[in-house]
Amino acid sequence: LTLDREDWFDNKFLDIIIDYIKGECNYFICYIPIEDKEFYNIIKAKFEIFEEKELKQNEYIYRCVKIILTK
């Protein structure tokens, strides 16, 4: 599943997507461009982060964030 950055700011749409994902798995992984601190802060505020690491792909660096959906 690929979501555009703007989708993460639409709470109603995001709730529908997260409810669907919860039916299939306990977590998901989000790749955030390392320089996009606003997007990262939104993810941190909305979800419980289980694991975090950096991933380099060509000239881009991403923050790889594993998000828990169920406890």
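Please refer to the structure placed before this passage.
The text that follows walks through the structure, step by step, so that each part is easy to find. (Residues numbered from 1 in each chain as written. Predicted model: local features only at pLDDT ≥ 70, side-chain atom pairs only at ≥ 80, totals over all residues. Heavy atoms only, no water.)

**Details of the pattern of salt bridges**
Part 1 of the argument: The full count for this structure, using the stated rule, is three salt bridges.
Part 2 of the argument: In this structure, R5 engages D36 in a salt bridge whose closest nitrogen and oxygen atoms are separated by 2.6 Å. Of this pair, R5 sits in the segment before α1 (11–22) while D36 sits in the loop between β1 (27–33) and α2 (37–46); the two residues are 31 residues apart in sequence, bridging distant segments of the chain.
Part 3 of the argument: We classify R5 as partly exposed; its relative accessible area is 31%.
Part 4 of the argument: In this structure, R5 and E38 form a salt bridge, with 3.0 Å as the shortest nitrogen-oxygen distance. Here the residue R5 occupies a position in the segment before α1, and E38 occupies one in helix α2, the gap between them amounting to 33 residues.
Part 5 of the argument: Where salt bridges share partners, they join R5, D36 and E38 into one cluster. (Salt bridge = Lys/Arg side-chain N within 4 Å of Asp/Glu carboxyl O. Helix = DSSP H or I, 4+ residues; strand = E, 2+ residues; numbered from the N terminus. Buried < 20%, exposed > 50% of the residue type's maximum accessible area, 1.4 Å probe, protein only.)

**As for α2**
Part 1 of the argument: Inspection of α2 places F39, Y40 and I43 among the buried residues, and these make up the whole buried set. Summarising the axial view, the buried residues of α2 lie within an arc of 100°, below the 170-degree limit, and thus occupy one face. α2 presents K37 and A45 as exposed residues on the side facing more than 90 degrees away from its buried surface. (Arc of directions from axis to C-beta.)

**Looking at the layout of surface pockets**
Part 1 of the argument: As a volume, the largest pocket reaches approximately 300 Å³.
Part 2 of the argument: Along its surface, the largest pocket is lined by 16 residues, and L1, L3, I29, C30 and Y31 are the ones closest to its centre.
Part 3 of the argument: Secondary-structure elements contributing two or more residues to the lining of the largest pocket are α1 and β1.
Part 4 of the argument: Among the elements that take part in the lining of the largest pocket, β1 stands out by supplying five residues, more than any other.
Part 5 of the argument: Its residues placed into classes, the lining of the largest pocket shows 13 nonpolar, one polar and two charged. (1 Å grid on protein atoms, 1.4 Å probe; cavity = no way out; pocket = protein on both sides within 12 Å on 5 of 7 lines; lining within 4 Å. Points joined across faces, edges and corners; volume = space filled by probe spheres on them. Nonpolar A, V, L, I, M, F, W, Y, C, P; charged D, E, K, R; others polar.)

**Let's talk about the environment of K44**
Part 1 of the argument: Examined against the element boundaries, K44 turns out to sit in helix α2.
Part 2 of the argument: For the pair K44 and I67, spaced 23 residues apart in sequence, the C-alpha separation works out to 9.2 Å.

**Notes on α1**
Part 1 of the argument: With 12 residues, α1 should reach 16 Å at 1.5 Å per residue; the first-to-last C-alpha distance of 16 Å fits that figure.
Part 2 of the argument: Within α1, burial applies to L14, I17, I18 and I21. When α1 is viewed along its axis, its buried side chains cluster within an angular range of 100° and face the same direction. Seen from the buried face of α1, the exposed residues on the opposite side, beyond 90 degrees, are K12, I16, D19 and Y20.
Part 3 of the argument: Here the buried face of α1 lies against β1 and α2. (Expected span 1.5 Å × (residues − 1). Contact = heavy atoms within 4.5 Å.)

Shape descriptors only; they carry no functional weight alone.
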